[in-house]
Amino acid sequence: MSPSPNGVARRSQADRTAESREKLVSAAIELLGTRGYAKTTMSEIGRVAQLSRGLVSHHFGTKDQCMVEVVRSIQDRLRGALTAIPDLHGIEVLDYFVDQYLSGGRDYTNLSRAMYVIIVESTTSTPELREAVAANNALFRSLVAGWVREGVEAGDFDLRGYTAEDAGRMVEALLRGVLVQHLADPDTMDLERSGQLAKRLIREMFVLPGA
């Protein structure tokens, strides 16, 4: 920021642009989570962000590109949350990850719902989103695979002929299946019990007795 003639700090154009983009992405996430993909229009994004529709077009060009930015924003939030992981190893880090990921269903329902809306859309009407969704999925799997690989090297895990990448895919499928069912039917899908069972299944798949 630079000082104005009256001594008040003046924000740079880059700061104002970043703030506008953040408002627009947050508005898109809110709309996706509450109204779905079709009703998340450029004009509605601008309205919820209290900015003009023209500014949405200026920043993103198209609705699809705005959705790509939403996926990147969610990915950055995931990466940021996981960089704060305590110094855990072996099954403890996977337990922590299960708890953190499934807490999204309780504490960040709109964010989780928005991501799942985009995932479904990418496999149906808007294949242009698949690349961004695939990159988000790859981050998830690579994190899990890295922790599993460390567990194997430490002698805590036995993959029984499978790879750390296989483990990443299965943990991703397990947790995302739990969370999407919770989002669709929260009264039936208890996240705490499901999380406990998920951790037990992971142990049965990979953890050596006594590890």
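See the structure printed just above.
First, a word on what this report is: a plain description of the structure on this page. (Residues numbered from 1 in each chain as written. Predicted model: local features only at pLDDT ≥ 70, side-chain atom pairs only at ≥ 80, totals over all residues. Heavy atoms only, no water.)

In this section: the packing of aromatic side chains. Considering all chains together, one arrives at four aromatic pairs under this definition. Ring geometry for Tyr-101 and Phe-140: centres 5.1 Å apart, planes at 85°, overall edge-to-face. Within this pair, whereas Tyr-101 is found in helix α5 (residues 91-107), its partner Phe-140 is found in helix α7 (residues 130-153), the two being separated by 39 residues in sequence. Among the residues examined, Tyr-101 registers a relative accessible area of 14% and is labelled buried. Sitting above the plane of the Tyr-37 ring, Lys-63 keeps its charged end 4.1 Å from the centroid. (Phe/Tyr/Trp six-rings, centres within 6.5 Å; stacked < 30°, edge-to-face > 60°. Helix = DSSP H or I, 4+ residues; strand = E, 2+ residues; numbered from the N terminus. Buried < 20%, exposed > 50% of the residue type's maximum accessible area, 1.4 Å probe, protein only. Lys NZ or Arg CZ within 6 Å of the ring centre and 35° of its normal.)

Within the secondary structure, Leu-32 sits in helix α1 (residues 13-35). Looking at Leu-32, the relative accessible area reads 1%, which means it is buried. Distance from Leu-32 to Ile-45, taken between C-alpha atoms, is 9.8 Å for residues 13 residues apart in sequence. Contacts of Leu-32, omitting those with residues within four sequence positions, involve Tyr-37, Thr-40, Met-67, Val-70, Ala-114, Val-117 and Ile-118. (Contact = heavy atoms within 4.5 Å.)

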